[in-house]
Amino acid sequence: MSTRLALFFDLFKLRIGLVIGFTALAGLAVTPGPGPAAWRVALLALAVVVSSAAAGAFNQYVERDLDARMTRTRGRPFVTGRLAHSRRWLALIGLMCGGSVIVASLATNALAGLYTFLGAFVYGVVYTVWLKRRTWLNIVIGGLAGSFAVLAGAAAVAPARLDAVPLWLAIVLFLWTPPHFWSLAIAFRKDYEAAGVPMLPVVVGDAKSARAIFASAILLVLASIVPAWYGLSWLYLIAAIGGGGYFLHRSALMVLDPCPRTAMANFHASLLQLTVLLVAAIVDAAVLG
């Protein structure tokens, strides 16, 4: 049973999905106004996670040929045959995505449902199908997927307006994605080369990519501080500076020594930075707001 659960956990990329659901809760928490009932919030978060899971499964369905060429991904279920690569999966994925949009719309409103759909569409279609095999900008544009989750949460509270704090959090998610995934791409550059995927390190090399990551991290940290000027308190500001400072430190070390070891350390630093930021935003809005 545990093996089966792990199989589907990986298939649906639930680690990413849970983070995406958490960003929706952050967008909801920082939006001024009376929030929806707790059960509606729970359904929205679930819908966002399920839509992200559908996009993650679709990504693996489409990329079976790429995954087979990469050491990191050749154990995925569509590659190994543990799951049959059949059109039935496309039907299930479509039902998951459509059902999540309906649930989000009924639990909150149609705009939140639209943002839920757009997040899955950007990752599943724009990034996976249209861009990943064609351009190093794939993950830059694909970063919008996380931004739409923040906007879905904000729309659940205020569908008629978009306040500054959730807007800036959406910008933060957009800016966070490239340095996060480019760090992973440095660590596994040989994999991406073997698969023919034009991730930035494959196109320009590790050293230039490390400098691009550092520059992107600077923009990210500056953007993450802005919400403190629109109502979030000292708690959020300390988290933004502390988590951002650590991410910049790890990025600077990677510039000095661009290798898989420093790249993975930076990858994990980006996860820590985002987690600290989102938790601080939610606590700030719920307790100190």
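Relevant structure appears above.
Report on the accompanying structure.

About the cut-offs
- Residues numbered from 1 in each chain as written.
- Predicted model: local features only at pLDDT ≥ 70, side-chain atom pairs only at ≥ 80, totals over all residues.
- Heavy atoms only, no water.
- Core = buried A, V, L, I, M, F, W, Y, C linked by side-chain atoms within 4.5 Å.
- Buried < 20%, exposed > 50% of the residue type's maximum accessible area, 1.4 Å probe, protein only.
- Helix = DSSP H or I, 4+ residues; strand = E, 2+ residues; numbered from the N terminus.
- Contact = heavy atoms within 4.5 Å.
- Axes fitted to C-alpha atoms, helices over the stretch in contact; angles between N-to-C directions.
- Left-handed = near helix turned anticlockwise from the far one by under 90°.
- Nonpolar A, V, L, I, M, F, W, Y, C, P; charged D, E, K, R; others polar.
- Salt bridge = Lys/Arg side-chain N within 4 Å of Asp/Glu carboxyl O.
- Polar contact = N/O pair within 3.5 Å; in protein donor to acceptor, adjacent residues only side chain to side chain.
- 1 Å grid on protein atoms, 1.4 Å probe; cavity = no way out; pocket = protein on both sides within 12 Å on 5 of 7 lines; lining within 4 Å.
- Points joined across faces, edges and corners; volume = space filled by probe spheres on them.

1. Overview of the nonpolar core
Then comes step 1: By size, the foremost hydrophobic cluster in this structure holds 83 residues, and its most contacted members are L11, F12, L44, W89, Y192 and Y236.
Then comes step 2: By residue number, the principal contributor to this core is helix α10 (residues 164-187), which donates eleven residues.
Then comes step 3: Other than its neighbours up to four places away in sequence, Y192 contacts M70, R72, L184, A185, V197, M199 and V202.

2. So, the environment of A228
Then comes step 1: Checked against the element boundaries, A228 lands in the loop between α13 (206-225) and α14 (234-256).
Then comes step 2: Setting aside anything within four residues of it in sequence, one finds A228 in contact with Y236 and L237.

3. With respect to the packing of helix α2 (residues 14-29) against helix α3 (residues 38-62)
Then comes step 1: Closest axis-to-axis distance for the α2/α3 pair is 8 Å, and the angle between their directions is 145°. In terms of crossing hand, the pair formed by α2 and α3 is right-handed. When α2 is examined against α3, the residues L14, I16, G17, L18, I20, G21, A24, L25 and L28 are found in contact with a partner set consisting of V41, L44, A45, V48, V49, S52 and A53.
Then comes step 2: Classifying every residue of the contact of α2 with α3 gives 13 nonpolar, three polar and no charged.

4. Concerning the pattern of salt bridges
Then comes step 1: Summed over all chains, the structure comprises nine salt bridges.
Then comes step 2: Here R76 and D67 are joined by a salt bridge, their closest N and O atoms 3.2 Å apart. In terms of burial, R76 and D67 fall into one category: buried.
Then comes step 3: Overlapping salt bridges bring together D65, R69 and R133 as one network.

5. Digging into the side chain of T128
Then comes step 1: Residue placement: T128 occurs in helix α7 (residues 110-131).
Then comes step 2: A relative accessible area of 1% places T128 in the buried class.
Then comes step 3: Here N59 takes part through its side chain, which lies 3.0 Å from a polar atom of the side chain of T128.
Then comes step 4: Engagement of the side chain of T128 in a polar contact is seen with the backbone oxygen of Y123, the distance being 2.8 Å.

6. Here's the deal with the layout of surface pockets
Then comes step 1: The calculated volume of the second largest pocket comes to roughly 150 Å³.
Then comes step 2: Along the wall of the second largest pocket there are 13 residues; nearest its centre are V30, P32, V165, G231 and L232.
Then comes step 3: Contributions of two or more residues to the lining of the second largest pocket are made by α10 and α15 (260-288).
Then comes step 4: For the lining of the second largest pocket, a count of residues per class yields eight nonpolar, three polar and two charged.

7. What about the side chain of Q273?
Then comes step 1: Residue position: Q273 is located in helix α15.
Then comes step 2: Apart from residues lying up to four places away in sequence, Q273 is in contact with W176, L220, S224, G243, G244 and F247.

Shape is all these values report; function is a separate question.
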